[in-house]
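If you want the building blocks of each chain, they are given just below.
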Amino acid sequence: MPLSGPGEILRLIREGAVATRRDIRDVTGLSRVTVSQRVDALRNAELIYESGPQQSTGGRRPTRLSLNHDHGLVLTAVLDTTHAALAVANLGHHVLTRTRRTIHIDDGPAAVLDEVLDGFDEIVGRLLAEGRAVPERLDGIGISLPGPIDPATARPSQPPLMPGWDSYDVAAHLRGDRSLPVVVENDANATAIGEWISHHPKASPLCLIKVSTGIGCGIVVGGALLTGVDGGSGDIGHIRLDGHDEALCTCGSRGCLAAVASGRAISAQLTASGTPAGSGSDIRQLLASDNLLATQLTRDAGRLIGRIASTLVSVVNPEVLVITGDLASPPLMAGLQESIHEFSLPRATHNLHVTLGGLGDTAAEVGLTRLVADTVLAPEAVDQRVSNENSRSETLSPSSTPSTKPSDD
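Please read all numbers here as calculations on a predicted model, not as lab measurements.

Analysis parameters
- Residues numbered from 1 in each chain as written.
- Predicted model: local features only at pLDDT ≥ 70, side-chain atom pairs only at ≥ 80, totals over all residues.
- Heavy atoms only, no water.
- Helix = DSSP H or I, 4+ residues; strand = E, 2+ residues; numbered from the N terminus.
- Rg over C-alpha atoms; globule rule 2.2 N^0.38 Å.
- Buried < 20%, exposed > 50% of the residue type's maximum accessible area, 1.4 Å probe, protein only.
- Contact = heavy atoms within 4.5 Å.
- Areas by Shrake-Rupley, 256 points an atom, 1.4 Å probe, with all protein chains shown as cover.
- Lys, Arg positive; Asp, Glu negative; His and termini not counted.
- Charge placed at Lys NZ, Arg CZ, Asp CG, Glu CD.
- Salt bridge = Lys/Arg side-chain N within 4 Å of Asp/Glu carboxyl O.
- 1 Å grid on protein atoms, 1.4 Å probe; cavity = no way out; pocket = protein on both sides within 12 Å on 5 of 7 lines; lining within 4 Å.
- Points joined across faces, edges and corners; volume = space filled by probe spheres on them.
- Nonpolar A, V, L, I, M, F, W, Y, C, P; charged D, E, K, R; others polar.
- Arc of directions from axis to C-beta.
- Pairing = 2+ DSSP bridges.

Student: So what's going on with the overall build of the chain? Which residues, and what values?
Tutor: When helices and strands are tallied, the chain shows 14 helices and 14 strands. For 409 residues, the compact-globule estimate of 2.2 N^0.38 gives 22 Å, and the C-alpha radius of gyration of the chain, at 24 Å, lies within 12% of that figure. With respect to the principal axes defined by its C-alpha atoms, the chain has extents near 80 × 50 × 40 Å. Taking all 409 residues of the chain together, the buried fraction comes to 51%. Sequence separation of 24 or more characterises 62% of the internal contacts of the chain that already satisfy a separation of 6 or more. For the chain, the accessible area works out to roughly 18,700 Å², and carbon and sulfur atoms hold 49% of it. When the 34 basic and 47 acidic side-chain charges of the chain are each reduced to a single mean position, those positions are 8 Å apart.

Here's what the structure looks like:
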């Protein structure tokens with residue numbers, strides 16, 4: 001197995017393929033000296049640590065190699081149309097603190113992203129004021145948006161719910177003059193990664209449908225997002241339904257799924273019927289209080305979403321279909337599954353597991369943290385970091401250079 005540098009060793013450790021230096025030698029065929037050099041380079045960069053000893057099969061008992069989740073901090077921002085959920089986490093998805101801020105997505109990118117940056121300053125300042133023992137290094141920023149993101153540019157691509165955001169350089173705005181990775185992702189995609197990591201790590205494919213103000217879908221195949229050529233994969237909210245030409249969608253078309261079955265659409269129906277509702281979160285509260293009209297409209301929406309989902313199930317043939325968002329509820333699930341089984345062949349649903357999301361509002365947060373970690377800890381990024389560390393260490397005097405005696409194991 002050819003390996004070009006310590007970054008590939010770290011990848012094996014992250015994936016659980018190796019746990020000791022001996023494992024690395026067995027898996028890669030590298031020499032003892034080469035393995036020690038690469039492991040020590042990762043240790044010096046504070047990307048891994050050794051603990052143990054572990055069970056021995058003879059000779060010196062080996063120590064275990066583990067990723068240093070506290071190598072640095074990750075800032076995440078999950079944006080909806082009316083609020084931003086902000087968090088500080090480590091590389092192991094452990095959240096240190098979080099907060100929410102009111103935003104208006106149609107205020108435009110500059111105003112909204114400045115609000116996000118103010119929120120980041122607030123929660124990081126809170127950690128410092130509390131005297132918490134946290135990493136001093138900022139590893140990266142992750143942000144999810146309620147619209148398509150072009151994977152080639154990491155910029156919004158004609159997002160129907162986000163006027164003024166098309167092609168805006170979100171990453172540059174958040175990065176400022178700092179040199180650090182910024183991951184920009186669609187909210188359904190980030191949520192799909194979060195649910196996959198936490199509850200369905202062996203499922204492939206996994207499809208996730210998020211039903212909130214709009215309707216979106218994230219698809220994970222073999223642990224990787226299926227984004228499509230320009231970020232449009234999973235944009236099921238703008239598939240047109242026959243018989244609903246009267247419904248005008250935010251994208252300008254008529255009869256889109258989102259125009260008749262999203263939180264925005266149901267809110268309008270509820271309000272017109274005398275039950276005020278301004279957003280998907282209002283519907284969630286009505287469902288929690290067993291409001292009969294909200295329950296019936298949500299079930300009807302589930303039937304319509306299920307008609308589109310039946311095509312998704314037949315084309316992608318997922319192992320798991322996860323339903324999340326403000327409207328994710330037993331009534332929505334009942335209507336959705338009714339249509340899936342009506343419009344799909346039995347074979348397409350024979351091995352399909354349909355479930356509500358297990359992480360609630362924190363799924364996208366977890367997904368963003370993972371996507372940032374994947375960027376920071378990518379083999380090529382790690383090799384560059386180790387190279388930079390080596391360059392700096394070469395400027396130290398011999399007396400100040402730390403001693404790292406290679407272990408036999």
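Having seen the structure, we can now continue with the description.
Student: Could you give an account of the pattern of salt bridges, naming the residues involved and the relevant values?
Tutor: On inspection of all chains with the given rule, the structure shows 21 salt bridges. Ionic pairing is found between arginine 21 and aspartate 40, a salt bridge with its closest N-O pair at 3.0 Å. With arginine 21 in helix α2 (residues 21-28) and aspartate 40 in helix α3 (residues 32-44), this residue pair connects regions lying 19 residues apart in the sequence. Assigned by exposure class, arginine 21 and aspartate 40 land together as buried. Residue aspartate 361 pairs with arginine 284 through a salt bridge whose shortest N-O separation is 3.4 Å. With a gap of 77 residues between them, aspartate 361 in the loop between β14 (353-356) and α13 (363-376) and arginine 284 in helix α9 (residues 280-288) connect regions that are remote in the sequence.

Student: Any details on the layout of surface pockets? Residues and values, ideally.
Tutor: By volume, the largest pocket is sized at about 510 Å³. Ser212, Arg284, Gly325, Asp326 and Asp361 are, among the 28 residues lining the largest pocket, the residues nearest its centre. Contributions of two or more residues to the lining of the largest pocket are made by β3 (73-79), β4 (83-90), α6 (187-199), α9, β13 (320-324) and α13. In terms of residue count, α9 provides more of the lining of the largest pocket than any other element does, three residues in total. Here the lining of the largest pocket is built from residues that sort into eight nonpolar, 13 polar and seven charged.

Student: I'd like a rundown of α2, residues and numbers included.
Tutor: Buried residues of α2: Arg21, Ile24, Arg25 and Thr28, and no others. Looking down the long axis of α2, one finds its buried residues gathered within 100° of arc, a one-sided arrangement. Looking at the buried positions of α2, the neighbouring elements they touch are α1 (6-15), α3, β1 (48-51) and β2 (64-67).

Student: Run through helix α8 (residues 263-272), naming residues and quoting values.
Tutor: Since the α-helix packs 3.6 residues into each turn, any two residues three or four apart lie on the same face. Every buried residue of α8 is listed here: Gly263, Ala265, Ile266, Ser267 and Leu270. Looking at the buried side of α8, the elements it contacts are α7 (257-261), α9 and α10 (292-316). Backbone geometry just after α8 places glycine 274 at a positive phi near 100°.

Student: Describe the sheet that holds β14, with residues and values.
Tutor: Pairing in this open sheet of five strands is mixed, and the strands run β12-β11-β10-β13-β14 from one edge to the other. Looking along the sheet, the strands with just one partner apiece sit at the ends: β12 (224-225) and β14. In the sheet, β13 pairs with β14 via four bridges, with the strands oriented parallel. Residue pairing across strands places valine 320 opposite histidine 353, the latter belonging to β14.

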